[in-house]
Protein chains: 2
Amino acid sequence: MRKIVIAMAMSMLCLCAMAQQAIWGVPQFKSPEVNADKTVTFRFVAPGAKEVKVTGDFLPVEKVKTPSGEYEAPGSALLTKDDKGMWTFTTSVLSPELYSYSFIVDGLKTTDPTNVFVIRDTGTLTNIFLVDGGHADLYKINNVPHGTVSKVWYNSPSLGMNRRLTVYTPAGYNDGKKAYPVFYLLHGMGGDENAWTELGRAAQILDNLIAQGKAEPMIVVMTNGNAALEAAPGEGSTGFTPPTILLPKTMDGSFEASFPEIVRFVDSNYRTKADKSHRAIAGLSMGGFHSLHISKEYPDMFDYVGMFSAVIMPDKGVASPVYDNMEQKLARQFSKAPKLYWIAIGDKDFLYKANVDYRKLLDGKGYKYVYRESPDGHIWKNWRIYLSEFVPKLFR
Amino acid sequence: MRKIVIAMAMSMLCLCAMAQQAIWGVPQFKSPEVNADKTVTFRFVAPGAKEVKVTGDFLPVEKVKTPSGEYEAPGSALLTKDDKGMWTFTTSVLSPELYSYSFIVDGLKTTDPTNVFVIRDTGTLTNIFLVDGGHADLYKINNVPHGTVSKVWYNSPSLGMNRRLTVYTPAGYNDGKKAYPVFYLLHGMGGDENAWTELGRAAQILDNLIAQGKAEPMIVVMTNGNAALEAAPGEGSTGFTPPTILLPKTMDGSFEASFPEIVRFVDSNYRTKADKSHRAIAGLSMGGFHSLHISKEYPDMFDYVGMFSAVIMPDKGVASPVYDNMEQKLARQFSKAPKLYWIAIGDKDFLYKANVDYRKLLDGKGYKYVYRESPDGHIWKNWRIYLSEFVPKLFR
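The rules we used
- Residue positions are counted from 1 within each chain, in the order its sequence is given.
- Key to labels: chains lettered from A, ligands numbered from 1, both in the order written.
- Selection of residues for local features in this predicted model requires a pLDDT of at least 70, selection of side-chain atom pairs for listing and counting requires 80 or more, and totals for whole chains, interfaces and linings are taken over all residues.
- Heavy atoms throughout the structure, all of them, feed into the side-chain values; hydrogens and water do not.
- The rule is short: rings of Phe, Tyr and Trp, with Trp giving its six-membered ring, pair when the centres are within 6.5 Å, and they are stacked under 30 degrees, edge-to-face over 60, tilted in between.
- What counts as a helix is a DSSP run of H or I of at least four residues, what counts as a strand is a run of E of at least two, and both are numbered from the N terminus.
- The buried label applies to any residue whose accessible area, calculated with a 1.4 Å probe on protein chains only, is under 20% of its type's maximum; exposed applies above 50%, and partly exposed to all values in between.
- Every axis in this analysis is a line fitted to C-alpha atoms, fitted for helices over the stretch in contact. Angles between the N-to-C directions lie between 0 and 180 degrees.
- Roughly parallel means an angle under 35 degrees; roughly antiparallel, over 145; roughly perpendicular, 65 to 115; everything else is oblique.
- Handedness of a helix crossing follows the sense of rotation of the near helix relative to the far helix, less than a right angle counterclockwise being left-handed and clockwise being right-handed.
- We call two residues in contact when some of their heavy atoms are within 4.5 Å.
- Domain delimitation in this document rests on an assignment produced automatically or drawn from a domain database.
- Values labelled buried area give the accessible surface lost by two parts on being combined, using a 1.4 Å probe and summing over both.
- Each reported salt bridge corresponds to a side-chain nitrogen of Lys or Arg within 4 Å of a carboxyl oxygen of Asp or Glu.
- Two N or O atoms form a polar contact when they lie within 3.5 Å of each other; inside protein one atom must be a possible hydrogen donor and the other a possible acceptor, and for residues adjacent in sequence the pair counts only when both atoms belong to side chains.
- By definition, two strands form a pair when at least two bridges between them are found by DSSP.
- Here the expected span of a helix is defined as 1.5 Å times the quantity of residues minus one.
- In this analysis the local bend is the angle between axes fitted, respectively, to the seven residues ending at and the seven residues starting at the residue.
- Patch membership is restricted to residues that have no salt bridge and whose relative accessible area is over 30%. Joining uses 9 Å for like charges and 5 Å for the nonpolar side chains Val, Leu, Ile, Met, Phe, Trp and Tyr.
- In these tables, accessible area is a Shrake-Rupley quantity obtained with a 1.4 Å probe, and a residue counts as shielded only by the protein chains included in the view.
- The positive count covers Lys and Arg only, the negative count covers Asp and Glu only, and His and the chain ends enter neither.
- In plain terms, the charge of a residue is placed at NZ if it is Lys, CZ if Arg, CG if Asp and CD if Glu.

Draft legend 1. Spatial organisation of the packing of aromatic side chains. All names here are of chain B. Going through the model one piece at a time under the given rule, you end up with 62 aromatic pairs over all chains. Summarising the aromatic geometry, the rings of Phe58 and Phe129 are spaced 5.7 Å apart at their centres and angled 65 degrees between planes, so their arrangement reads as edge-to-face. Of this pair, Phe58 sits in the loop between strand S3 (52–56) and strand S4 (62–66) while Phe129 sits in strand S12 (residues 124–131), and the two are 71 residues apart along the sequence. Geometrically, the ring pair formed by Tyr184 and Phe259 is edge-to-face, given 5.4 Å between the ring centres and 75 degrees between the ring planes. Of the two residues, Tyr184 is situated in strand S15 (residues 182–186) and Phe259 in helix H5 (residues 254–269); the sequence distance between them amounts to 75 residues. The buried category is assigned to Phe259, whose relative accessible area is 0%.

Draft legend 2. The packing of helix H7 (residues 326–335) of chain A against helix H8 (residues 352–365) of chain A, seen in detail. Residue and element names in this part refer to chain A. Relative orientation of the contacting elements H7 and H8 amounts to 60 degrees, with a least axis distance of 12 Å. When the interaxial angle is binned, H7 and H8 end up oblique. For H7 against H8, the interelement crossing comes out right-handed. Where H7 approaches H8, its residues Met326, Glu327, Leu330 and Phe334 are matched on the opposing element by Tyr358, Leu361, Leu362 and Lys365.

Draft legend 3. Broad picture of the domain arrangement of chain A. Residue and element names in this part refer to chain A. Domains assigned within chain A are domain 1 (24–131) and domain 2 (139–393). Summarising the inter-unit geometry, the C-alpha centres of domain 1 and domain 2 are found 32 Å apart. The interface of domain 1 with domain 2 comprises 8 residues on the first partner and 15 residues on the second. Among the residues of domain 1 in contact with domain 2, Glu97, Arg120 and Thr122 are the three that bury the most area, contributing 52% of the side total. Taken together, the links from domain 1 to domain 2 amount to 2 salt bridges. In this structure, the salt-bridge partner of Glu97 is Arg384, at a minimum N-O distance of 3.1 Å. Seen at the junction of domain 1 and domain 2, the total is 4 residue pairs in polar contact (both at pLDDT 80 or more). Of all the secondary structure elements, the ones that give two or more residues to the side of domain 1 that touches domain 2 are strand S9 (97–105) and strand S11 (118–121). Looking at which element gives the most residues to the side of domain 1 that touches domain 2, the answer is S11, with 3 residues.

Draft legend 4. Examining the pairing of strand S12 (residues 124–131) of chain A more closely. All names here are of chain A. For S12, the tally of buried residues reaches 8 of 8 residues, placing the bulk of the element in the interior. Neither face of S12 is left uncovered, since the one carrying Thr124, Thr126, Ile128 and Leu130 and the one carrying Leu125, Asn127, Phe129 and Val131 both have all their residues buried. Direction of pairing for S9 relative to S12: antiparallel, over a ladder of 5 bridges. Following the sheet pairing, Leu98 is matched in S12 by Leu130. Pairing of S11 with S12 involves 4 bridges; the strand directions are antiparallel. Looking at the pairing, Asp121 lines up with Thr124 of S12. Hairpin connection between S11 and S12: a loop of 2 residues separates the two successive antiparallel strands, and Thr122 in this loop has a positive phi of roughly 50 degrees.

Draft legend 5. Summary view of helix H5 (residues 254–269) of chain A. Residues and elements named next belong to chain A. For H5, built from 16 residues, the straight-helix expectation of 22 Å at 1.5 Å per residue is met to within 8% by its first-to-last C-alpha distance of 23 Å. Its axis deflected by about 30 degrees at Pro260, H5 carries its strongest bend there. Extensive coverage of H5 is indicated by the burial of 12 of its 16 residues. Buried within H5 we find Ser254, Phe255, Glu256, Ser258, Phe259, Pro260, Glu261, Ile262, Val263, Phe265, Val266 and Asn269. The elements touched by buried residues of H5 are strand S13 (148–156), strand S14 (161–169), strand S15 (182–186), strand S16 (219–222), strand S17 (279–284) and helix H6 (286–297).

Draft legend 6. Representation of the pairing of S15(B). Residue and element names in this part refer to chain B. Of all 5 residues making up S15, 5 are buried, and the element is well covered by its neighbours. Burial along S15 is two-sided: the face carrying Val182, Tyr184 and Leu186 and the face carrying Phe183 and Leu185 are both buried. Across 5 bridges, the pairing between S15 and strand S17 (residues 279–284) is parallel. Its bridge partner being in S17, Val182 is matched across the sheet by Arg279.

Draft legend 7. Seen up close, the side chain of Asp303(A). Along the chain, Asp303(A) turns up in the loop between H6 and strand S18 (304–308). Among all residues touching Asp303(A), those that are not within four sequence positions of it are Lys276(A), Ser277(A), Arg279(A), Ala337(A), Pro338(A), Lys339(A) and Leu340(A).

Draft legend 8. Broad picture of unusual backbone geometry. Residue and element names in this part refer to chain A. Along the chain, Ser31 connects to Pro32 via a cis peptide bond; the corresponding omega equals -5 degrees. By the secondary structure assignment, Pro32 is in the loop between helix H2 (17–24) and strand S1 (33–34). Positive phi is not limited to glycine here, since Ser309 has a value of about 50 degrees. With respect to the element layout, Ser309 can be found in the loop between S18 and H7.

Draft legend 9. Up close: the sheet that holds strand S7 (residues 80–81) of chain B. All names here are of chain B. Pairing in this open sheet of 4 strands is antiparallel, and the strands run S1-S2-S8-S7 from one edge to the other. In this open sheet, the two edge strands, each paired with only one partner strand, are strand S1 (33–34) and S7. Alignment of strand S2 (residues 40–45) against strand S8 (residues 86–90), held across 5 bridges, turns out to be antiparallel. Note on S8: the bridge partner recorded for Phe44 is Trp87.

Draft legend 10. Geometry of the side chain of His146(A). Residues and elements named next belong to chain A. Residue placement: His146 occurs in the loop between S12 and S13. The exposure class assigned to His146 is buried, which follows from its relative accessible area of 11%. Here the side chain of His146 touches Asp207 through a polar contact of 2.9 Å, side chain to side chain.

Draft legend 11. View of the pattern of salt bridges. Summed over all chains, the structure comprises 36 salt bridges over all chains. Here Lys339(A) makes a salt bridge to Asp303(A), at a shortest N to O gap of 3.6 Å. Taken together, the residues span a long stretch of sequence, with Lys339(A) in the loop between H7 and strand S19 (340–346) and Asp303(A) in the loop between H6 and S18 at a distance of 36 residues. Given a relative accessible area of 7%, Asp303(A) falls into the buried group. Close ionic contact of Glu297(B) with Lys329(B) constitutes a salt bridge, the shortest N to O distance being 2.8 Å. One end of the pair, Glu297(B), is in helix H6 (residues 286–297); the other, Lys329(B), is in helix H7 (residues 326–335), with 32 residues separating them in the sequence. Both residues of the pair, Glu297(B) and Lys329(B), belong to the buried class. Taken together, the salt bridges that share partners define one network made up of Lys38(A), Asp132(A), Asp137(A) and Lys140(A).

Draft legend 12. How the structure looks around a negative patch on the surface. Judged by side-chain charge, Glu51(A), Asp106(A), Glu51(B) and Asp106(B) come together as a negatively charged surface patch. When you line up the elements, Glu51(B) lands in the loop between S2 and S3.

Have a look at this one:
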C-alpha cells in the first residue's frame, strides 16, 4: 500500500507543487507565517526576479495619482532575497484582523503560490490570513456548534428569473420544531450573495456570537442585490462571466420592489417567526441604501434596520416609485417606531458627508436612531465589525 | 448619484484592477476567450517578461523526469508578445470539457489575473474555463430548477468531533413532504467535502440530469473522508492550514467504521427513504476504496456501489477490523445481491492493474458487477464522466 500511496501522490503531483516539494526534498516553507509575536512573515521563491513586493491592507495606504484625481491604495513593502532565491519580508506587529495581500513580482501582481486561501472581491482575487485575538476571534472557526450555510434558489416573478440566496440556519435548527427570527443581510456594489459569507465571515460571526450567548439564534438570508443577475459570477446561467462593479439595475428600485418575494419565499420554506418584530434588514454601502429604501417602502416588515457605510440618496435621474416621496415614507416608517434604526460609518468613508446630511434630516424630524462612528473608510474590516455589533442588538 | 457611483467605484479601485482598466481607459481584454470555433485564446499583459507560457490539461502531456522516476505532467505552450506587451496564445479546437490552466511567467507559475474563476485541488489553485457542448453541457449551470447545496455539520462520536458535510437536496425538496433516496459521494486522497461540488461539478450534473428526466431526484451527501480532520482546509478549527495529500487516518478503517453515524445523521435530519434499496455509495480513488470497504462492512446499507478509479486493497501494515476477512465479507455482501456494483477506470490509470486483479477476484467468485473502461488516467475529467453515467442508473 505504501507503493500505492506514493504512486497516487506522484500522479497528483502534476497538480500539486506542495506535495512535490515534500516528496522531492525541496525545503518546505510557510507563507504567510503568523509568528508568535503577531508579526507575519511572507516568503516567495523567485531566484530570477529583480524585485518582489508584497501589497496588502496591513500596510500603510499610499496616495495614487490618476488623471481623475488622487485616491488611496494599500501600500507595499520590498522583500529581500537570500542566496537561494527565497524572498522574505516580516511585518511589524499586526493587530488582530483578517488581512488580504498579493505579491508584486517585477511589476506583475500575483497570488501567493503557497497559500490556497483566497477571496474574491468583485474582479480581484487576493490571498488572506488571520491574526487572531480580540474582535478577530469572531472570524475564526472555533470549536462551537456550527450553523448550516446553504445556496438556495428562489423564484422572482417580478425580476423574471430564478435567483440565488445564501441562507444561514443556526446550529440546532434541524433538531427541533422551533421558529426563528430572520435577518436579511445585503451586500454592496460589486458584491453578490457570496460576499457576506466570504469577505464578511458572517457564518463565523453568527456561530460565535450565538455560542457565547451574545446573539439570539437566527436565520440569516444573504440576497443578491443586482437585479439583472441570477447569481454571483460563475454561479448563474451566464457561466464564467467576469465580474464587474457597474451593473444595470442595481439601484433603480427593482431589487427593492421585489424584496417581498424573498421574504415570502423564506417564510414559506423555513420555520420563521413571520412578523415585523422578528425581522431585521441591514446592508453595507449599496446594501445599506437598499435596506433604507426597502424598510421605508415596507414599513410593516422590519423592526430592525442597519445601514453600514450606506449610500443614502437615489440618483435624481432614476425614476422608480420606490424612491418617490421619500420624506413622507420615512415619516410613515418612523411613526411605526422601528425598534432599532442603526447607522454606522467610518470617519474616513467617502460617504461620510452623505451620512451626516441624512442624520441631520432624521434629527430635524426627531426620528430615533443609533449612531456608531468608527475609524477607517469604506472597507470590509469595518463591515465585519458593524455586523458583530449589530447582531447582538437584534430580537431581544 | 453618478458622482457617488464613480466615487464608490474609485474607492473600490484599490481592490479592483479590472474596474480600473475600464475606467482609466486601459483597453480591456478577455482571458481566456472561448472563441466561436472552440479554440481558446489566452492573454497576459507583461511588457517586461522574457517568456510567458500557459500550462493546462488541454495541452498534450509531457514526460517529466525526477530522481524517483518519470511521470506525466500537463504540457505547456509559449505565448507571443505584441508591441504593447500583450502576450497571446490560441489553442487548436478543443473538445467540450472543463479545463484548468496556469500561466508561467519567466519560470514562475501564476494565476490569470483577468480570470477570477479558480478551483483548488489539494494545495494548488488553478484557473478554469469551460468549452461547452456534448457531455460538458452537464457541467454548466443551465436554466433549469436548481437544488440546494448546504454545508452541514454532524457529530461523530467515534471520531470525537463535529465534522462537515456537503449536502445536495434536489429542486422541489422544500416544496413538499416527499422522501428521497440518498447517494453518498466520496472524494479521493487530498480531497475533502468540497471536492465533488467544486472539481466534480456534482450539483450541476445532478440538476441537469434530473431536469432532463435522466435521473431520479435524490439527496447527495458528500463526506470528508480524512478521519483526522473536521473539514476542508480553511473550514475547520485549525484555521488556514495548508492542505496536504498525505494525511493520517485516511485509509486506516476509522472513516469506514464511522460511516453509520453519517447515515443516521442524514436519515434523522432529511426526509430520506431510509433503506438499502434507496441508498447508493460511490467514490473516486481513495473514495472508491472507502466505498468498497464501507459497502462490504455494512452489507445491508447500500444497494448501489460505485468505484471510480478505485484503490482496492488496504495496506498490509494497517490493522483494522474493517479490513479483516475481506473475502468472507465480499461473499456476504454479494450473497445479498446488490442491485448495482459498478467499477470504472481509465485505461491509463496507475490503478488499472489493481482493478484488473480485483475484477479477476470477483469473476472467480461469480459476483455480478458492471465494468466501464474509459480512455485517460486518474483525472477529474473521468470522474465527472463516471458520475454523469452512474447517477442515471440509481434508484430506478
